[in-house]
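One-letter residues, chain by chain:
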Amino acid sequence: RSGRKMRHQLRLQTRLQNALLRHYNINSQYKPHLIRDYWEPVIGLEIHAQISSISKLFSRVGTRYGAPPNTQVGIFESAHPGTLPVLNKRCVEAGIKTALAFGATVNKISLFDRKHYFYPDLPAGYQITQLDYPLASNGRLEFIVLNSSLHKHPYRHSVDLLQLQLEEDSGKSIHDKDNNRVLVDLNRAGQPLMELVFAPGLRNGEEAAAMVKEVALILTRIGTCNGRMHEGALRVDANISVHRPDEPLGTRTEVKNLGSIGSLLKAVDYEIQRQIDILESGGNVTSETRSFDTHTQETISMRDKEVIQDYRFMPEPNLLPLRLHDSSEPNCQYDGSLDISKVRAKIPELPEATRQKLIRDYGLSLENAFLLASKDDLLDYFMAVMSNTKRSSKLVCNLLLNNLLEALNSINTDITNSPLSASAFGEIVDLQQSCRIVTNISQQVISAICIERDSRSPTQIVLDNNWLQLSNDVMEEIVEKILADNLELVEKYKKSKKKKLLNALMGKINKASDNRANMKIVNDVLLKKLSS
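Model, not experiment: these values are computed from the prediction. (Residues numbered from 1 in each chain as written. Predicted model: local features only at pLDDT ≥ 70, side-chain atom pairs only at ≥ 80, totals over all residues. Heavy atoms only, no water.)

**Section: the UniProt feature "domain: Asn/Gln amidotransferase" (unreviewed entry) in the protein chain**
The residues that UniProt annotates with the feature "domain: Asn/Gln amidotransferase" (unreviewed entry) are residues 380-530. With 70% helix and 0% strand, the stretch residues 380-530 has end C-alpha atoms that lie 47 Å from each other. (UniProt positions renumbered as here; feature names shortened; annotations may be inferred. Helix = DSSP H or I, 4+ residues; strand = E, 2+ residues; numbered from the N terminus.)

What follows is the structure in structure tokens.
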């Protein structure tokens, strides 16, 4: 049994190395990420995603989150003698759908195995998982890294999905240090999981965070996992190593159970720096399992991995091989329990396709398309406003992502519960697009409705407050008056042509117009008069 485990680890290690070589040689966008005297980090992630299902993987027991301890437990989860597993069809469908969304090959035959280890929250003494013959393999994920503070422009990156396997979760141990005891909650035991094993193609915490965000977005879009990391529905293990360019890969460490995007980002970057510090001081990195302490913001050692643990893997004797078929293939033999083709037909539009549609059909930038596609409710609001095809998509996007979201954040609400309906927001867009109001007034109208809870229509608010944009004649009169009242400032500008002096004049004009002047027109008029 131990020999089988070692052979599996060698095969998986070879696949990881081959995937990394393909990534270096094929990915045209790849550039080694070198830090601190030419160290190159390599990160690979394993993601455990809890399947959205009302019952557990091998029983009919419920999966309600937040239920009182040990109330979501049946005789199978508590390992009563003689109880047998019954595979949840919904979970298999979710696994197939997820695999197809990542472009993976769904295996027509997959097997379940027992992974033996002792832990208080694992009553049976083993976990049912998949080892040599998983549900799917050989997929690929492309995602966008978007962080304006680190990168001037967003860029695309990709990693291979090596395999996707179904497995059951363990229970939860609660350490009561005050009373020197360990409490066990078996509500989580038997929860259906998908483990997604990705190739080591990441280079820093930002890329790891961006990748997990994309995975969560895809899973929530297709409805196989709710992606709520704070509830433990998505947990990440990060394998991290550093090496010099053109040298073999370094010794890797594994940081377990990262339960938030922030923890993942910080843990990866901290571990990279920790390993570099060790190597530069002449030491050796130890192969070990570590955890991330959210209080100290450091990774801490859990257990040594130099000695391979013998999990005594064996085939699960109480589950037959999982057989599937694909009716879309020629000469298909209908001997499988599920039709892959029918599951494929249920996959909705994926986030990347949505982004491409927004860029192609509405002329949005990649950054704005990324933001809209990241939240379904925000995307629905945008599409509702754009039901009027005459509206400028860029203006809608700008007012939505900057002005409206800022107002909603100030009152701690989201777009779903926005006091400003999509139709009323569209009315504001129409007012500005037709040059009846300027941008500043649009913001004031949005604030009036969202923050002050004004029940009037946007048009009525504008009319009642005399906020209509000034005519060109009135704007020209204001410009001439400001120039006449600030002769010294005008002379200084004509001599120096300094931008800040021009901005000072623009500010005075805007104030004199009660923020109702179109500043683009004002700028043209002002420059024309200053040059004469």
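**Re the packing of helix H14 (residues 487-496) against helix H15 (residues 499-512)**
To describe two helices that pack against each other, one gives the angle between their axes and the distance between the axes. Direction vectors running N to C along H14 and H15 enclose 145°, while the axes themselves pass 9 Å from each other. Crossing of H14 over H15 shows left-handed handedness. Touching Leu489, Lys492, Tyr493 and Ser496 of H14 are Leu501, Leu502, Ala504, Leu505 and Lys508, all from H15. For the contact of H14 with H15, a count of residues per class yields six nonpolar, one polar and two charged. (Axes fitted to C-alpha atoms, helices over the stretch in contact; angles between N-to-C directions. Left-handed = near helix turned anticlockwise from the far one by under 90°. Contact = heavy atoms within 4.5 Å. Nonpolar A, V, L, I, M, F, W, Y, C, P; charged D, E, K, R; others polar.)

**Things to note about the pairing of strand S8 (residues 172-176)**
Residues in a regular strand point their side chains to alternate faces of the sheet. Direction of pairing for S8 relative to strand S9 (residues 181-185): antiparallel, over a ladder of five bridges. Bridge assignment links Ile174 to a residue of S9, and that residue is Leu183. In sequence, S8 turns back onto S9 through a hairpin of four residues, with Asn180 there showing a positive phi of about 55°. (Pairing = 2+ DSSP bridges.)

**A look at the nonpolar core**
Membership of the largest hydrophobic core comes to 66 residues, with the highest contact counts inside it found for Leu45, Ile96, Phe198 and Met211. At nine residues, helix H3 (residues 205-222) tops the list of elements feeding residues into this core. Ignoring sequence-local partners within four residues, the contact set of Ile96 consists of Val106, Leu135, Leu324, Leu338, Ile340 and Val343. Among the nonpolar cores identified, the runner-up in size contains 38 residues, and Tyr381, Val385, Leu395 and Val429 belong to it. (Core = buried A, V, L, I, M, F, W, Y, C linked by side-chain atoms within 4.5 Å. Buried < 20%, exposed > 50% of the residue type's maximum accessible area, 1.4 Å probe, protein only.)

**Side note on the pattern of salt bridges**
Summed over the entire model, instances satisfying the criterion amount to 26 salt bridges. Here Asp326 and Arg344 are joined by a salt bridge, their closest N and O atoms 3.1 Å apart. Placement of Asp326 in the loop between strand S16 (322-325) and strand S17 (338-339) and of Arg344 in helix H5 (residues 340-344) is noted, with a sequence separation of 18 residues between them. Ionic contacts of the salt-bridge type, sharing partners, join the residues Glu142, Arg156, Glu214, Glu352 and Arg355 into one network. (Salt bridge = Lys/Arg side-chain N within 4 Å of Asp/Glu carboxyl O.)

**Some words on the packing of helix H10 (residues 422-433) against helix H11 (residues 439-450)**
Following both chains from N to C, one finds H10 and H11 inclined at 160°, their axes separated by 10 Å at the closest point. Classified by the angle between their axes, H10 and H11 sit roughly antiparallel to one another. Every pair of crossing elements has a handedness; the one defined by H10 and H11 is right-handed. Residues Phe425, Ile428 and Gln432 of H10 pack against Thr439, Ser442, Val445 and Ile446 of H11. Looking at side-chain class alone, the contact of H10 with H11 contains four nonpolar, three polar and no charged residues. (Parallel < 35°, antiparallel > 145°, perpendicular 65-115°, else oblique.)

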